[in-house]
Amino acid sequence: MNHSNMKSDRSEAQPLLRPARIEDATQVIPLLYQAIGDIAYALAGEGDHQKAMQILQQFYVQEDNRISYRNITVMEQNEQVAGILVAYDGGEADLLDQPILDRPGRSTDEKYTLVKETRPGEYYLDTLSVSEAYQGQGIGKALMAAFEQQGRELGHSQVSLIVERDNGRALMLYERQGYIKDEVIVIAGHEYNHMVKPIHR
């Protein structure tokens, strides 16, 4: 009997960075919600959790909005989505938000107003989320590096992100990576620092 392949069956598969696929929806949406919290209800224009998640899933499988699978990169580990990265050109933000704003049945309640989080000329990190089961394994760091690399490849000279003002740990992490606070914006009742970093090709 050949034992040579026994060991490889037990070892962890290497994490795989790849574009998101439509069939990843059921794994991606909970990770999106884990990272953005109340903003999820603003995007859905719906306060009921289950309905909001269904609406986000419908947007995910379409091609022309900010949380479309086309704007998402996933880190796959052992055939599971271990982390996600949502990023797009800041100059396209209005276009990407239009289908979300135009959704029939969207609530007009002021608390669901979509706030512009990014500017033209930036490659914007909308969301970064790592599954709890895979935290502490460097996946977030690898996704951040992938985000900055995507920005370079697409010809941007600056990347940006927002972080809640009271999230000291994340703020420190981004500052260490060279991000600089440039303004404060309020989204879904929470204050966020908009942070930028120059990237060189």
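Please refer to the structure placed before this passage.
Criteria and cut-off values
- Residues numbered from 1 in each chain as written.
- Predicted model: local features only at pLDDT ≥ 70, side-chain atom pairs only at ≥ 80, totals over all residues.
- Heavy atoms only, no water.
- Phe/Tyr/Trp six-rings, centres within 6.5 Å; stacked < 30°, edge-to-face > 60°.
- Helix = DSSP H or I, 4+ residues; strand = E, 2+ residues; numbered from the N terminus.
- Buried < 20%, exposed > 50% of the residue type's maximum accessible area, 1.4 Å probe, protein only.
- 1 Å grid on protein atoms, 1.4 Å probe; cavity = no way out; pocket = protein on both sides within 12 Å on 5 of 7 lines; lining within 4 Å.
- Points joined across faces, edges and corners; volume = space filled by probe spheres on them.
- Nonpolar A, V, L, I, M, F, W, Y, C, P; charged D, E, K, R; others polar.

### Describing the packing of aromatic side chains
For the structure shown, the criterion picks out five aromatic pairs. Look at Y123 and F147: their rings are 5.4 Å apart centre to centre, the planes differ by 15°, and that puts the pair in the stacked class. Taken as a pair, Y123 in strand β4 (residues 123-130) and F147 in helix α6 (residues 139-153) lie far apart in primary sequence, 24 residues in all. A single burial state applies to Y123 and to F147, both of which are buried.

### Side note on the layout of surface pockets
Of the pockets and cavities examined, the largest pocket occupies roughly 1100 Å³. Along the walls of the largest pocket sit 40 residues, with L128, N167, A170, L173 and Y174 positioned nearest its centre. Of all elements in the fold, only α2 (25-36), α3 (39-44), β4, α6, β5 (158-164), α7 (168-176) and β7 (190-198) reach the threshold of two or more residues within the lining of the largest pocket. For the lining of the largest pocket, the element with the highest residue contribution is β4, accounting for seven residues. When the residues that make up the lining of the largest pocket are grouped by side-chain class, the tally is 19 nonpolar, twelve polar and nine charged. Looking at the second largest pocket, its volume works out to about 160 Å³.

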